[in-house]
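Here is how the chains run, residue by residue.
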Amino acid sequence: MMRRAFKNIPAVVYVALVYLFIFMPVAVLVLFSFQDSLLPIPPFQGPSLRWYQAVFSDFRIMGALGNSLMVAVVSSALSCLLGFLAAYGLARYTIRGSGVVQWLMVAPLSVSYLIIGMGLLITFKTMGIPKSLIAVIIGHVVINLPLAFAIIYSQMGEHQANLERAARDLGAAEWQVLVLITLPLLWPALLASFFLSFTLSWDEFIIALLVSRFDVTLPVEIWSLLRSGLNPKTNAVGSLVFIVSIILVFVTEFLVFGRRKSQ
Amino acid sequence: MKPMVEIKGVSKRYGKTTALSEINLTIDEGQFFALVGPSGSGKTTLLHILGGFVEPSSGQVRIAGQDVSYLPPARRPTTSMFQDYALFPHMSVGSNVGFGLLMRKVPKPERVDRVAKALDMVGLSDMSTRRVHQLSGGQQQRVALARALVVAPKVLLLDEPLGALDLNLRRQMQQELLHIQKKVGTTFVHVTHDQEEAMSIADVIAVMNNGHLEDIGPPARVYMKPKTLFSATFMGESNMFEGKVIQRTGEHIEVETVFGRLQVSGAAEPGATVHLSIRPEQIKAEAGGMRQLVALGKLKVEEVSFFGTHRRCQGRHATSNHPLILRLPQNQPAAAGEEIAIAVQRDDIVLLAQ
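Predicted model, so just to flag it, every value in this text is computed and none were measured. (Residues numbered from 1 in each chain as written. Chains lettered and ligands numbered in written order. Predicted model: local features only at pLDDT ≥ 70, side-chain atom pairs only at ≥ 80, totals over all residues.)

(A) Quick look at the sheet that holds strand β12 (residues 252-257) of chain B. All names here are of chain B. Pairing within the open sheet is antiparallel, and its 5 strands lie in the order β13-β12-β11-β14-β19. Each of the sheet's edge strands pairs with one partner strand only, and the pair in question is β13 (260-265) and β19 (350-352). Mean inter-strand twist for the sheet, computed between neighbouring axes without regard to direction, equals 45°. (Pairing = 2+ DSSP bridges. Helix = DSSP H or I, 4+ residues; strand = E, 2+ residues; numbered from the N terminus. Axes fitted to C-alpha atoms, helices over the stretch in contact; angles between N-to-C directions.)

(B) Region of interest: the interface of chain B and chain A. Across the boundary between the two partners, chain B contributes 17 residues, which contact 14 residues of chain A. Elements with a contribution of two residues or more to the side of chain B that touches chain A: β6 (78-81) and α2 (93-103) of chain B. If one sorts the elements of the side of chain B that touches chain A by residue count, α2 of chain B sits on top with 3 residues. Looking at the side of chain B that touches chain A residue by residue, the classes come out as 10 nonpolar, 5 polar and 2 charged. (Contact = placed C-beta atoms within 7 Å. Nonpolar A, V, L, I, M, F, W, Y, C, P; charged D, E, K, R; others polar.)

(C) Seen up close, the environment of aspartate 203 of chain B. Residues and elements named next belong to chain B. Looking at the secondary structure, you find aspartate 203 in the loop between α6 (195-201) and β9 (204-209). Overall, the presence of 17 C-beta atoms within 10 Å leaves aspartate 203 in the partly exposed class. Residues aspartate 203 and glutamine 263, spaced 60 residues apart in sequence, show a C-alpha to C-alpha distance of 31 Å. Not counting residues up to four positions away in its chain, the partners in contact with aspartate 203 are Gln31, Phe32, Phe33 and Pro218. (Buried ≥ 20, exposed ≤ 12 C-beta atoms within 10 Å, placed from the backbone.)

(D) Broad picture of the domain arrangement of chain B. Residues and elements named next belong to chain B. Each assigned domain of chain B is listed with its residue range as follows: domain 1 (3-233) and domain 2 (240-352). Here the C-alpha centre of domain 2 lies 38 Å away from the C-alpha centre of domain 1. Listed by partner, the interface residues are 6 residues for domain 1 and 6 residues for domain 2. Tallied by class, residues from the side of domain 1 that touches domain 2 come to 4 nonpolar, 1 polar and 1 charged. (Domains from an automatic or database assignment.)

(E) Quick look at unusual backbone geometry. Residue and element names in this part refer to chain B. Unlike most non-glycine residues, tyrosine 85 shows phi in positive territory, near 70°. Within the secondary structure, tyrosine 85 sits in the loop between β6 and α2. One non-glycine residue, alanine 86, adopts positive backbone phi at about 50°. Position of alanine 86 among the secondary structure elements: in the loop between β6 and α2.

(F) Representation of the pairing of strand β2 (residues 17-28) of chain B within the structure. Residues and elements named next belong to chain B. One ladder, built from 8 bridges, connects strand β1 (residues 3-14) with β2; its direction is antiparallel. Among the inter-strand pairings, glutamate 6 is bridged to a residue of β2, identified as threonine 26. Connecting β1 to the antiparallel partner β2 that follows it, the hairpin turn spans 2 residues, and glycine 15 within it adopts a positive phi of roughly 60°.

So, in structure tokens, the structure goes:
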């Protein structure tokens, strides 16, 4: 026992270092959001909630937060809806060239956000679509649709097709098959893709910066705050963004994987 | 008996390959009908055409007098029991069984009543609130049967539903299926590749091969007097040999074979080469005594194995060296190298179509 514990020491130290490397910046960010002085640098003074108070009374930040929520909800819902429709069509019907269609669906995953953002900017300009939150929503659907499609498609295999066939055999109309069989069975996959899309949209910066103008999302607002120098207020906003992301991860974990375990 | 299912000239082509060619058959009301054949013979395709999961390329399917050839599954008077059962994992056993009734808008009190009766019929009356994954394979099977029968279909389609069970459970379920079928009187169409299963439960067997019907009839007839070469080989072991037709006299033909000249019932033109078969259990090892037997000469025994109910004896015809299989009674041991006189009843020599 003792010897095995000794052998494990290098591994434990290594793992600790890895996690320290990953979480240190976040920990520092959160810690100095409670700083009681004007600069988020050591030594730590406080704790104090004054910067959180400042954040919540800043109508620009609060506006950006509202925009971010709206963009995340709408773009994730759209991504799931479109991803589901595409997955359903490709999984249930034999279409000529469906392999190519599938590949094209997930191909945007390999393109960087910067390239997608620039492409959208040029496209919107030639089409006369103004820079706006709607443009941001479209951009986020572009990056999240492939993910939603891939997750949902992977759950629509032969077994589920057989269940749908059985429901039809027992007299279910197409909409009843969809509502009573397909959707309930896909629920975990739909939730997983919704929350994953939400998380990615929530802190997406480059596309949001390129295609928005007067109304901006929270990451863009934080970026403009940072341009005026370091300030514990930015730490407080960053911590809020981080907390929302963490909550989403836990909600997903609970809804998707927790359910599966209990079944 | 009234015809329940009429299949008229049904063909199915996938691109250039033909899965079914010109199938014609009638299944009577209340019949337990088995479709047998090797994989790729088209039996499952035919079942899917009956269920509405596959559209025929040409031909017509009538069920209970109604042309259903192009009706979707939901609008046919059929239900299916699938190979993987296809029970809905997110519903309880009771909801699974009640699903078809719910789709037919049967009012709740009646639905509850009919679900209880259906579960009772398959011996699962206390399982209504269980989840599907809490049941054993055999129990899931029964739920699938109850779910398909509770809506009182005119025809129940069974797509190799016993395939996943072990042998004992399989035999037990066969008997139960038969028992339930006789009780409810619904027409059953059962697809299987197990010819023993088909023979033990079906009223009528259709043997399929390469997309066409080889033989159709009651199990005893199909087994003892198979129509074609394929049917004879597929439905259990058989001895095959060729012969040349010498002459034809009324109902009989005289055929020159390796076993000598044999009289066979059936018709063929003199000079033609025909295929004949004799089931191993029909070859008698004692030629003496019984007058009406046709002597086949002697068999040189090569291998004997004990099968419980009989001894399977493999050997060669002493004069022609033609391979032969026969079944000896349990109490008649034979050793390799031994020569046994063999004979057969004339009626047990079967003339086969190509």
